[in-house]
Structure formats: structure tokens, C-alpha cells
Amino acid sequence: MPIEPRGRITVDLSALVRNWKSLANLVAPAACAGVVKADAYGLGAEPVTKALWTAGCRSFFVASCEEALALRASLKDARIFVLDGIFGGNGSELARANLIPVLSTLDHVAAWRTEANRRGRTLPAALQIDSGLNRLGFDRDEIATLRNQPDQLAGFDVQLVLSHLASADDPKALENENQRQAFLAHADYLPNVPRSLAASDGLMLGKDYHFDLVRPGYALYGGQAFRGRSTPVEPVVTVTAKILQVRTVRAGEAVGYSATYRATSDMRIAVIAAGYADGMPRGASAGNGEVHGIAAIQGKRVPVIGRVSMDLIALDVTGLPDGVMNQCDDVELIGPTVSLDKAGHNAGTIGYEILTRLSPRFARSYKSGGAA
Ligand SMILES: *Cc1c(COP(=O)(O)O)cnc(C)c1O
């Protein structure tokens, strides 16, 4: 008999594929890439990228050179963009695996040019322009240098010019149009290079933001971060944990570390096999009179009480009818009742952080089938 895991992440690859197709449809004739950095947001880069490739996705974005090399092993012909750019002597690895660094500084440009010269061949590149986020990307002065010294890009096959939005989740934010204008102004000097500005939320801002390629990550995994209306995607991820013990707590007794929750009347609690070591944020903890983290048992919401500890969480199940729940039953932490975004919000963070921190302690399983 296989041992049942204490917790499980189930990834619905058919839903993932439907999400990609739905976004690809929405933005056509622009192309739709897949952002699979951080192990496909914690869901497993290999199964996720294989499913996306089979669906027709041809361009992928990762953060690091290591992530890109791992992806190249299973996707021989994909375009793989490396958002970190080039540093620390990884140029020859990038070139050897035919990866596309996203160049964001003149140092990146110089390092990649050295690599192209050394190999005596043209190398693929993407250029990132900062349009107001002040994270990665060429600033105004560097763009002027590139413009005035076209030889800087000699030896590159520039496949994409991109920028990233700061406030795309908020359709009312003025930064969106300001950044779009800045992107247009700066990208102008590369008239024949395909352009990309939007990620999951940016693509919801409308056609003006699609350009030639959109770069969704979170929405592919079912995330709903856009605040204007809902993104046409469905949930992909279910996270469950086992009930280890159901117990009665008497009025006046405390639950959990530091006794932050005290029963005001007799109650029943379920202790489940998930904690912050599994990636369940401690911010979901709740003292008396607070509701933060929520889980669900057979579709019924039950609140977290007391502190989330390393391995365990206590849930107030007093309101559940008898027989609904037993030791060893699965409790939903993320799924049809508790959305990823809600789970993030309830813990004082965002769904992105929840997803990418789900720990290896969870068993992962993949389902596909159904209409893909
Ligand atoms: C992470 C990232 C994306 C994807 O963002 P989502 O909000 O997950 O769609 C796109 N572009 C860049 C530059 C990123 O860093």
C-alpha cells in the first residue's frame, strides 16, 4: 500500500491548457507566451511547460539561467527568455543552450557581445526597457546610448523589446497609460523589433497593451489579480491537508502557541497536517474576534484559530454537522471554496506568494483529461 501523503497539491493540466488558450484567444493576433519562472510558480516547470508546449505555446519566460537550462532539457525548440539577463560568467551557458537573455543594462549588452564575438555568430537577445517600475531595464540614459551607438547591438538577433507594468492590476491607475507611452517612445528606435508590455493583468487592460506578445504567468495558474473584471481563466490548483485529530476544547481553554485564542464556550476543533513549513503563512493565524485564514471541509468554510505553527493548523469546526468530518479526511486549503487569491488575502499576502512557497512537503499530482 502506498503511504498517503499528509498534504497534496493537485494541478489540473487541462485547466491550465484551457487558460492558456483562452488568453491566447483574447489577445490574438498578438502571441501568448507562458511565464514559468520559480518552477512554474511552484507547480512544476516540467509538466506545466510540456502541457503548454503541446497546446501551442512557443515562448517561455524564466527568471534564472538555471531554470532556463532545466527547461531546455525537455523543450528543445522553444524560445526561452531569461529575465535575469546575463551575469556571473553565465554567458557561455546561455549561448550554448540557445537561451535568450533579457538584457537590462549596458553591462549585459557588453557581456553578450563578447559572447557573440567569441563564437563568431549572431546571438538571440531581448531588450528590457524600464518604463517606470524602476526594477530591471535600461534607463533613459542607457537607451540614449543604445540609440546613438547602434554598434552596441551588433551581433545580436534582437527578438523582443519588453517592459513591465507596475500597477496593471488596477485599471484606474494612471501609471498604466504613462508607462505605455514611455514604452512606445523608447521602443520607437527599434522599429522592426516585436514588442511586449503586458503580463496577466496588463493583458486585461485592452488591445492597446497587447503589442506582439503577452507574458502571463499567474493567470495561467488560475490567479485572478486584475481588479477591473474577472480574467477568463479557471482554477488550476487544489491544495489539501489531512485532519490528524478532532478534539473538544472547553470554555476558557486556549488553543495553540502563546494562547492567542481562548474558547469562550465549548467547541470542537480539527488539527490539520499543514503549517508554515508547508508554506501556509503564519499571517493566517487568528486570535479571538479575528478571522484570517479559512479552510473548507466538504465545501463548508471553517476558520483558522490560534497560531499557525510549523506543522499544524487548528480549525474551528464547531459549526459543522456531525458526520461531516473524520480523522484522516482531506481539508481544502485552496480549491473550489477557498480561492488562491482569497487564501493570499486572508493571510495578509497575495496568491502569488502562496503558490510559489508551497513546500516540497506537499505531494504533487497532475491530472489531465477532460476537454483540453
Ligand atoms: C513575473 C513576470 C511576468 C508574469 O507576471 P504575472 O503577473 O504572473 O502574469 C511577466 N513579465 C515579467 C517581466 C515578470 O517578471
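Residues numbered from 1 in each chain as written. Predicted model: local features only at pLDDT ≥ 70, side-chain atom pairs only at ≥ 80, totals over all residues. Heavy atoms only, no water.

Visitor: Before we go on, may I ask you to explain the environment of Ser59 in this structure?
Guide: Assignment of secondary structure puts Ser59 in strand β4 (residues 59–62). According to the relative accessible area criterion, Ser59 is buried, its value standing at 7%. In the structure, Ser59 is positioned 26 residues away from Ala33 in sequence and 4.8 Å away in space, judged by C-alpha atoms. Those residues in contact with Ser59 that lie beyond four places of it in its chain are Ala33, Gly34, Arg79 and Phe81. A polar atom in the side chain of Ser59 sits 3.2 Å from the side chain of Arg79. (Helix = DSSP H or I, 4+ residues; strand = E, 2+ residues; numbered from the N terminus. Buried < 20%, exposed > 50% of the residue type's maximum accessible area, 1.4 Å probe, protein only. Contact = heavy atoms within 4.5 Å. Polar contact = N/O pair within 3.5 Å; in protein donor to acceptor, adjacent residues only side chain to side chain.)

Visitor: Could you clarify how one ought to interpret empty space enclosed by the protein in this entry?
Guide: The gaps of empty space that remain are located by a probe, the size of a water molecule, rolled over the atoms. Under the counting rule described, the total for this entry stands at one cavity of 30 Å³ or more. Taken as a whole, the largest cavity spans an internal volume of roughly 140 Å³. Taken together, 14 residues line the largest cavity, and the ones lying closest to its centre are Met280, Ala284, Gly293, Ile294 and Leu333. At the level of elements, β15 (294–297), β18 (330–334) and α9 (340–346) are the ones that each hand at least two residues to the lining of the largest cavity. Tallied by class, residues from the lining of the largest cavity come to twelve nonpolar, two polar and no charged. (1 Å grid on protein atoms, 1.4 Å probe; cavity = no way out; pocket = protein on both sides within 12 Å on 5 of 7 lines; lining within 4 Å. Points joined across faces, edges and corners; volume = space filled by probe spheres on them. Nonpolar A, V, L, I, M, F, W, Y, C, P; charged D, E, K, R; others polar.)

Visitor: Mind showing me how you'd approach the environment of Tyr276 here?
Guide: Locating Tyr276 in the fold gives a position in the loop between β14 (267–272) and β15. Once the C-alpha coordinates of Tyr276 and Leu312 are considered, the two residues, 36 residues apart in sequence, prove to be 8.0 Å apart.

Visitor: Looking at this model, I keep getting lost on the site of the ligand. Mind explaining?
Guide: Surveying the vicinity of the ligand reveals 13 residues, the closest of which are Lys37, Tyr41, Ser200, Tyr218 and Tyr352. In the model, an oxygen atom of the ligand is placed 2.5 Å from a nitrogen or oxygen of the Ser200 side chain. For the ligand, an oxygen atom lies 2.5 Å from a polar atom in the side chain of Tyr352. Contact with the protein chains hides 92% of the accessible area of the ligand, taken as 390 Å² for the molecule alone. With respect to the detected pockets, the ligand is housed in the largest pocket. Taken together, the residues that form the shell around the ligand break down as seven nonpolar, three polar and three charged. (Near = heavy atom within 4 Å. Areas by Shrake-Rupley, 256 points an atom, 1.4 Å probe, with all protein chains shown as cover. Sits in = over half its atoms within 2 Å of the grid points.)

Visitor: Can you walk me through the layout of surface pockets in this structure?
Guide: Taken as a whole, the largest pocket encloses approximately 750 Å³ of empty space. In terms of lining, the largest pocket is formed by 35 residues, of which the most central are Lys37, Tyr41, His164, Ala199 and Tyr352. Every element with two or more residues in the lining of the largest pocket is listed here: α2 (37–41), α9 and α10 (351–357). Counted by class, the lining of the largest pocket contains 17 nonpolar, eleven polar and seven charged residues. The computed volume of the second largest pocket comes to approximately 280 Å³. Along the wall of the second largest pocket there are 15 residues; nearest its centre are Val255, Gly256, Ile269, Val271 and Ala314. Taken together, the elements giving at least two residues each to the lining of the second largest pocket come down to β11 (237–249), β12 (254–255), β14 and β17 (313–316). Counting residues per element, the lining of the second largest pocket draws most heavily on β11, at three residues.

Visitor: How should I be thinking about the packing of helix α1 (residues 13–27) against helix α3 (residues 45–55) in this particular structure?
Guide: For any two helices packed against each other, the geometry is given by the interaxial angle and the distance between the axes. In contact at an axis separation of 10 Å, α1 and α3 are set at 50° when each is read in the N-to-C sense. One element, α1, and the other, α3, form an angle in the oblique class. Between α1 and α3 the crossing geometry is right-handed. Taking contact as the criterion, the partners of Leu13, Leu16, Val17, Trp20 and Lys21 in α1 are, on α3, Pro47, Val48, Ala51, Leu52 and Ala55. Looking at the contact of α1 with α3, its residues break down into nine nonpolar, no polar and one charged. (Axes fitted to C-alpha atoms, helices over the stretch in contact; angles between N-to-C directions. Parallel < 35°, antiparallel > 145°, perpendicular 65-115°, else oblique. Left-handed = near helix turned anticlockwise from the far one by under 90°.)

Visitor: Honestly, the pairing of β4 in this entry has me stumped. Any pointers?
Guide: For a regular strand, the rule is simple: side chains alternate between the two faces of the sheet. Of the two faces of β4, the one lined by Ser59 and Phe61 and the one lined by Phe60 and Val62 are each fully buried. Taken together, the two bridges between strand β3 (residues 34–35) and β4 define a ladder with parallel strand orientation. Bridging from a neighbouring strand, Gly34 pairs with Phe60 of β4. Relative to strand β5 (residues 79–82), β4 runs parallel, the two being bridged by four bridges. Note on β5: the bridge partner recorded for Val62 is Val82. In the classification by handedness, the crossover that spans β4, the intervening helix α4 (residues 65–74) and the parallel β5 is right-handed. (Pairing = 2+ DSSP bridges. Right-handed = clockwise from strand over helix to strand, strands pointing away.)

Such coordinate-based values are descriptive only and should not be taken to indicate function.
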